[in-house]
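Below, each chain spelled out in residue letters.
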Amino acid sequence: MSQLDDNLMEKIVSLCKRRGFVFQGSEIYGGLAGTYDWGHFGLALKNNLKQSWWKKFVDNRRDMYGLDAAILMNAKIWEASGHVAGFSDPTEDGKQFNVMFKTSIGAGEEAAISYLRPETAQGIFVNFKNTIDAFHPKLPFGIAQIGKAFRNEIAPRDFLFRQREFEQMEVEYFVKSTDWEKYFEYWRDEMLSWMEEVGLNMGKIHETEISDQDRAHYSKRTIDFEFDFPFGKKELFGLAYRTDFDLKNHKLEYIDEDPPAGGGEKIVPHVIEPSLGVDRAVLALLLSAYTEDEKNGEVRTFLKLKPGMAPVICAVSPLLKNKPQLVEYANAKVFALLKEEFGRVAWDDNGNIGKRYRRQDEIGTPFCIVVDFDTLEDDTVTVRDRDSGAQERVKVTDLKKYIKERI
Ligand code: ATP
């Protein structure tokens, strides 16, 4: 393990709190294990990740349907899916413990038992028929969902890695049974290409074939994409061949209008499931981006995030906050212009310029823009690059173009 890795998790957790990314859940009451609250910048990073996933796997495709199913579902669903009987982890003394959160719905004697969903997938399966009736898709097609999942993990740990409440991005991709191997390979490539696009350190990603005895009850083949976390090589995402297990259990089928022999054959499609944890993705991205270098004998920390993922694309500062001319110019002519164009633009006039750069470096802001006295004369500003620290004078009228070219 390198020196940087030694206390990397502590550094990441502390940065997340200090810079408003992620806070311990229920912190002022002593916390609640396995829960976290997302602050302004962490939420922006998380939303960027989710949006890039949605764009690649839903908006840019013709064969994918989005869904946002209810978290509370009829308990019969969890019986049919096998979760009531089998979604358990062994406790320390070897007793099996079902990790679904039980809850009751309604009042008094009438109350019905239900569960907070432990995976988003079942919401997709039980809407299979609705999706077919509404959109008449041809095989292969997929249904995609991003949403919360809950597991009463026996030992939540490692910050965002193992929580009791977390978010998943899942696709259930429905194929003919004979095609499953082809689409398994296809989704493996798609997942890897998304990981690379968002900026995960691909050198730290490893594929592991899950053995027969370790696979989930519904799967005939699973690959885990593991990541070299500072606490070990652990599952980041999974890709599973769920066969026709779920559709069969829910007694759902599909009418194939073009079978080889012709004429409307009833079939049960098979399912390939790329399943991604949002929170683990954020943690792996923070670990991929976290960088320390040395400038003038001082250690500098920065998040080397791709601009598309960065919570803030650029920060705008007047050199001195007690000079109204600078403040007014920076606000009206620079901040307003960029905010309108890019949205994720910060106003930062706190402390001296050095402190502002350090703060924005830790947030991962690719560009810091400073309005100084020369600006008032020649309408140029200083643009400082996060990674190199290099500074350039850029005309205010060229700023939008300058940033666009670089993101
Ligand atoms: P693990 O073996 O680490 O418990 P799993 O195999 O049970 O994970 P899956 O059921 O395959 O996980 O869930 C799909 C994805 O959801 C995982 O790859 C992971 O990214 C995410 N995930 C699962 N459990 C948690 C958790 N407790 N906290 C955060 N993310 C989770």
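What counts and what doesn't
Residues numbered from 1 in each chain as written. Predicted model: local features only at pLDDT ≥ 70, side-chain atom pairs only at ≥ 80, totals over all residues. Heavy atoms only, no water. Helix = DSSP H or I, 4+ residues; strand = E, 2+ residues; numbered from the N terminus. Buried < 20%, exposed > 50% of the residue type's maximum accessible area, 1.4 Å probe, protein only. Contact = heavy atoms within 4.5 Å. Lys, Arg positive; Asp, Glu negative; His and termini not counted. Charge placed at Lys NZ, Arg CZ, Asp CG, Glu CD. Domains from an automatic or database assignment. Buried area = accessible area lost by both parts, 1.4 Å probe. Pairing = 2+ DSSP bridges. Axes fitted to C-alpha atoms, helices over the stretch in contact; angles between N-to-C directions. Near = heavy atom within 4 Å. Polar contact = N/O pair within 3.5 Å; in protein donor to acceptor, adjacent residues only side chain to side chain. Areas by Shrake-Rupley, 256 points an atom, 1.4 Å probe, with all protein chains shown as cover. 1 Å grid on protein atoms, 1.4 Å probe; cavity = no way out; pocket = protein on both sides within 12 Å on 5 of 7 lines; lining within 4 Å. Sits in = over half its atoms within 2 Å of the grid points. Nonpolar A, V, L, I, M, F, W, Y, C, P; charged D, E, K, R; others polar.

Per an unreviewed UniProt entry, the protein goes by Glycine--tRNA ligase.

This brings us to the overall build of the protein. Tallying secondary structure elements over the protein gives 14 helices and 23 strands in all. Relative to its 407 residues, the protein shows a buried fraction of 50%. Taking as baseline every contact in the protein between residues at least 6 positions apart, the subset at least 24 positions apart corresponds to 64%. Side chains of the protein give 56 positive and 67 negative charges; the mean places of these two sets differ by 3 Å.

So, about the domain arrangement of the protein. How large an interface is tends to be reported as the accessible area lost when its parts come together. We note that the domain assignment places domain 1 (3-287) and domain 2 (312-406) within the protein. Relative placement of domain 1 and domain 2: their C-alpha centres are 39 Å apart. Listed per partner, the contact involves six residues of domain 1 and five residues of domain 2. For the pair domain 1 and domain 2, the summed buried surface comes to about 580 Å²; carbon and sulfur atoms form 58% of the total.

A few words now on the sheet that holds strand β16 (residues 270-277). Strand order in this open sheet of seven strands is β3-β9-β10-β16-β13-β12-β11, and the pairing throughout is mixed. Both outer strands of the open sheet, β3 (64-67) and β11 (205-209), are each paired with one neighbouring strand and no more. The mean inter-strand angle of the sheet, taken between neighbouring strand axes irrespective of direction, is 25 degrees. As judged from the six bridges shared by strand β10 (residues 165-175) and β16, these two strands associate in the antiparallel manner. By the bridge assignment, methionine 169 is partnered in β16 with leucine 276. Along the sheet face, helix α3 (residues 40-59) touches β3, β9 (141-150), β10 and β16 and points at about 160 degrees away from the line of β9. Sitting on the sheet, helix α10 (residues 278-289) is in contact with β10, β12 (221-229), β13 (232-243) and β16, with an inclination near 40 degrees to β12.

Next up on the list: the sheet that holds strand β23 (residues 391-395). Spatial strand order, β20-β19-β21-β22-β23: five strands in an open sheet with mixed pairing. For this open sheet the edge positions go to β20 (345-347) and β23, each flanked by a neighbour on one side alone. For this sheet the average axis-to-axis angle between neighbouring strands, irrespective of direction, equals 25 degrees. As judged from the five bridges shared by strand β19 (residues 314-318) and strand β21 (residues 367-371), these two strands associate in the parallel manner. Bridging across to β21, proline 318 finds its partner in valine 371.

As a matter of local geometry, the ligand sits amid 15 residues, with Glu153, Arg162, Gln163, Glu235 and Leu236 nearest to it. Within the contact set of the ligand, an oxygen atom lies 3.0 Å away from a side-chain nitrogen or oxygen of arginine 151. Within the backbone of glutamine 163, an N or O atom sits 2.8 Å from a nitrogen atom of the ligand. Summarising the interface, the protein chains cover 81% of the accessible area of the ligand, which totals 600 Å² for the free molecule. Here the ligand occupies the largest pocket. Sort the elements by how many residues they give to the shell around the ligand and β13 lands first, with four residues. Class assignment for the residues of the shell around the ligand results in five nonpolar, five polar and five charged.

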